[in-house]
Amino acid sequence: MAAATLPPASSSAAAAAVRSLARAVPQRHQLLLHASRRGRGHRHPLPLTAVSPWRAHLRRALSVSASGGSNGAAPVSAEREYDYDLFTIGAGSGGMRASRAASALYGARAAVCEMPFATVASDALGGVGGTCVLRGCVPKKLLVYASNYSHEFEESRGFGWMYETDPKHDWRTLITNKNLELQRLVGIQTNTLKNSGVTMIEGRGKIVDPHTVCVDGKLYTAKNILVAVGGRPSKPNIPGIEHAIDSDAALDLPSRPEKIAIVGGGYIALEFAGIFNGLKSDVHVFIRQNKVLRGFDEEVRDFVAEQMSLRGVKFHIEQTPQAVTKSDDGSLSLKTNKETISGFSHVMFATGRKPNTKVDEYSRTSVDSIWAVEIAVPSAVFSQPPIGQVGLTEDKAIETYGDIDVYTSNFKPLRATLSGLPDRVFMKVIVCSKTNKVLGVHMCGEDAPEIIQGIAIAVKAGLTKQNFDSTIGVHPTTAEEIVTMRNPTRKVQRDTASEVC
């Protein structure tokens, strides 16, 4: 998309950028001066860097009145008239939100450019909606739904359902219908922009100077430029990496993997492991550490790995990939620091994403009139079983508040009592001992993301454990367990922990 080097801002980067831009839009008479005059009345304390090659452009951007008033006053400078107040490069979640808000809420003249739609992004193809809608959250969740059915078929036998033959899955039908839905969403997102008064321009945007964007050869000027080009999956530079796929490609494969190695222990790796395992692929997950999901609550990390193992996912811990090789029959081998495993139809790397932009804490790039945005990951993992979390982990709560009370519950859900499957649910509530305020809630099990959305309201509002305890649970549900844990599993102090019987 944009010719910019840009790391992560905060999760509220889009909102911060829009608020700052909104302050700038109405000031039609304020000059955007070049670097030699920036010291006076500057709105942000950070320095402008690497602008010397553009000073000539900035000088040309200023127009000066040719005549003064009748009293012979000196000529008055006037601001350059731009095509737009805000030009956004990239119509993903962040770019769309910022452009719509600038236009609909603040009356800014806003435009956004985005490349033509494709299921897999490239330097020339993208699509309105960006990673989340086209190559992330939405298509991933559709594949999660598809893969869940195999587990539900197994569950149903305990409830009396009989099958003469095992149900068969057609991968091509799934991918075709998924892509049709993505095309529908592109149309909806495009209309949403237009209905908000945002000009939609199709093509690859490139920044020419601090106030000019070139889209497929045509120049557009803007007082502010927002770079919202997101990021792409990253793969390590090891021998044979050209034989491996990333998460983009995994969502649009021509056929289901028979045996797949997934390298990575983060949420993307676990989500795809659940997807392909549910679709009856032989799934191997390779992680460099001894646990999955670094940064998540420790008990949740242990629980989800145990449950996924029971469903057939094979974990290879403390293994670093060293090479991928392809044999004459087309099968792949993955070599790690510990072993070499062969016979894979696919090797997938889910080792993170690289942002396309670099910004400061004000969501600005190195040029005042050019801004950037990046979207943060929500606190739900659509693994199988899924995870929902809000607030602090136990370790972080101890570090921040010292003394805490920890309530946990590990139980077999009602559904599993007849299915005969080893499914369980884990819940955890972390409370400040001094104030009784709920600091964090963590859950792994069926419907965890849906349940945690409601719990998040309570945690955000600062409710106490007493508020939770005084809430009547809806019976029979899994969620009622959150409001019926009366006695702490343990009371933890900063340096010592004591179990409560």
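Residues numbered from 1 in each chain as written. Predicted model: local features only at pLDDT ≥ 70, side-chain atom pairs only at ≥ 80, totals over all residues. Heavy atoms only, no water.

Participant: Explain unusual backbone geometry here, please?
Facilitator: Most peptide bonds take the trans form, and the phi angle of most residues other than glycine is negative. The step from Gln-384 to Pro-385 runs through a cis peptide bond, and the omega angle for that step is 10 degrees. Counting through the fold element by element, Pro-385 comes out in the loop between strand S19 (380-381) and strand S20 (387-391). A cis amide bond, omega -5 degrees, links His-475 with the succeeding residue Pro-476. Of note, Pro-476 is situated in the loop between helix H13 (465-469) and strand S24 (490-492). The residue Lys-280 is not glycine, and still its phi comes out positive at about 75 degrees. Examined against the element boundaries, Lys-280 turns out to sit in the loop between helix H8 (267-278) and strand S11 (282-286). Residues other than glycine seldom take positive phi values, yet Asn-436 does so here, at roughly 70 degrees. Take Asn-436: it is sitting in the loop between strand S22 (425-432) and strand S23 (438-444). (Helix = DSSP H or I, 4+ residues; strand = E, 2+ residues; numbered from the N terminus.)

Participant: I'm lost on the pattern of salt bridges in this one. Help?
Facilitator: Any two side chains of opposite charge can pair if their charged atoms end up close together. Enumeration according to the criterion identifies 26 salt bridges in this entry. Note that Glu-81 is salt-bridged to Arg-109, the shortest N-O span being 3.0 Å. One end of the pair, Glu-81, is in the loop between strand S2 (77-78) and strand S3 (84-89); the other, Arg-109, is in the loop between helix H3 (93-104) and strand S4 (110-114), and 28 residues separate them in sequence. The closest approach of N and O atoms between Asp-166 and Arg-157, which form a salt bridge, is 3.0 Å. Look at Asp-166 and you get partly exposed, because its relative accessible area is 49%. (Salt bridge = Lys/Arg side-chain N within 4 Å of Asp/Glu carboxyl O. Buried < 20%, exposed > 50% of the residue type's maximum accessible area, 1.4 Å probe, protein only.)

Participant: Would you take a moment to explain the packing of aromatic side chains for this structure?
Facilitator: Centre-to-centre distance and the angle between the planes together describe a pair of aromatic rings. Going through the model one piece at a time under the given rule, you end up with eight aromatic pairs. Taken together through their ring pairs, the aromatic side chains of Tyr-84, Phe-87 and Tyr-220 make up a single cluster. When the ring centre of Tyr-407 is taken as origin, the NZ or CZ atom of Lys-465, which lies over that ring, is 4.2 Å away. (Phe/Tyr/Trp six-rings, centres within 6.5 Å; stacked < 30°, edge-to-face > 60°. Lys NZ or Arg CZ within 6 Å of the ring centre and 35° of its normal.)

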